[in-house]
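# Per-entry structural report
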Amino acid sequence: MGVEGLSEREVMFGRLAVESGQIDESVLERALAIRRERIAAGAHPTKLPTILKEEGHFSDEHFDALRRQVLETYPKEKKKQRLGSYEIEKRVGKGGMGIVYRARHVETGELAAIKVLGSAFKEDRKLRERFEREHEAIRKVRHQHLVPGYEAGTQDGVYYFIMEYVSGENVRDRIRRQKRFEVEEAVRIGIQITRALQAIHEAGYIHRDVKSSNILLDESGTVAKLSDLGLAMDLESDAGLTRFGTGLGSAEYASPEQLQNAAEIDRRTDIYGLGVTLFEMLAGRVPYYGMTPSAVIRRKL
């Protein structure tokens, strides 16, 4: 079947069809002749399996069975989406406002994390502003224990920004895997995150979502970095973006004051969140828990 333009999948499909007794060589040659005629007439080449099915040589069941065999040998490659200078490889996390993907720079091969604003939020002006401000906060605040941001942009209506990819696990995942941290390890991580929070506070921001899943560990497990500034509040200019009575953050880690009125909190709410996280690291659970966020809030308040 040395016909120019046939893919490896088409060649394998034809061979399997003959070997299985579904068709004989004469049927296959006729299908190839039809394909050549269509190409000569200027039509876009029709796939060989499609022609064989059009000619009535396969039931849907037999056609699908052969197709599955071919795809097991030659699986389809998914076309990678590209944002800016990066190709998205896989989804690695989800936050309150966006989805995080692992991506690779198309020229350098460097890995990065790309946060994409969720489709449900793109029409909400205030949430867009909050998303854009998250990147602004990451760009402004630099510290060895904060995940740094690289660039931000909009492409085909998709809002995104690119930050460092931390290849280890987060503290929450480590707790699930090994139940608890050793005291010395928890103290070391706590000190690192305290220094990151100090940098955030000195720059005029509050994180407002300090929790175990937002603390990333490198592959050695010795270096911790605070991520996800999606709820970060600028102490001077955030009044218009934080509505009275909106308890932003995660219920298990948010301070009672944050749950009651997020617009009136200060940097102490971050210290509270870190305290809850340290408790969780040592005890294997958070101090207040429930089946729903509402149940947790009732316990706290």
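The structure under discussion appears in the preceding block.
The structure reproduced in this document is the subject of the present report. (Residues numbered from 1 in each chain as written. Predicted model: local features only at pLDDT ≥ 70, side-chain atom pairs only at ≥ 80, totals over all residues. Heavy atoms only, no water.)

## Focus: the overall build of the protein chain
Helix and strand counts for the protein chain come out as 10 helices and 10 strands. A total of about 16600 Å² of accessible surface is found on the protein chain, and carbon and sulfur atoms cover 47% of it. (Helix = DSSP H or I, 4+ residues; strand = E, 2+ residues; numbered from the N terminus. Areas by Shrake-Rupley, 256 points an atom, 1.4 Å probe, with all protein chains shown as cover.)

## Regarding the pairing of strand β2 (residues 86–94)
For strand β1 (residues 82–83) and β2, the ladder comprises two bridges, and the chain directions are antiparallel. Note that in β2 the partner of Arg82 across the bridge is Glu87. The loop that links β1 with its antiparallel partner β2 comprises two residues; one of these, Gly84, has a positive phi angle of about 60°. As defined by bridge partners, β2 adjoins strand β3 (residues 98–105) across seven bridges and the pair is classed as antiparallel. (Pairing = 2+ DSSP bridges.)

## Some points on the sheet that holds strand β4 (residues 111–117)
Strands sit in the order β1-β2-β3-β4-β6-β5 across an open sheet of six strands; the sheet is antiparallel. Here the strands that pair on one side only, and so sit at the sheet edges, are β1 and β5 (149–155).

## Considering a nonpolar patch on the surface
Together, Val183, Val187, Ile191 and Leu282 make up an exposed nonpolar region whose accessible area comes to about 330 Å². Considering each element in turn, the nonpolar patch owes the most residues, three residues, to helix α7 (residues 183–202). With respect to the helices and strands, Val183 occurs in helix α7. (Patch = residues over 30% accessible without salt bridge, like charges linked within 9 Å, V, L, I, M, F, W, Y side chains within 5 Å. Salt bridge = Lys/Arg side-chain N within 4 Å of Asp/Glu carboxyl O.)

## Brief notes about the pattern of salt bridges
Applying the stated criterion across every chain, the model contains 14 salt bridges. Across the salt bridge formed by Glu54 and Arg38, the nearest N and O atoms sit 3.1 Å from each other. With Glu54 in helix α3 (residues 48–54) and Arg38 in helix α2 (residues 25–40), the pair connects residues that are 16 residues apart, well separated along the chain. With its nearest N and O atoms 2.7 Å apart, the salt bridge here joins Arg268 to Asp266. For Arg268, a relative accessible area of 62% translates into the label exposed. The partly exposed category is assigned to Asp266, whose relative accessible area is 31%. One continuous salt-bridge network, built from bridges that share partners, spans Glu169, Arg174, Arg177 and Glu185. (Buried < 20%, exposed > 50% of the residue type's maximum accessible area, 1.4 Å probe, protein only.)

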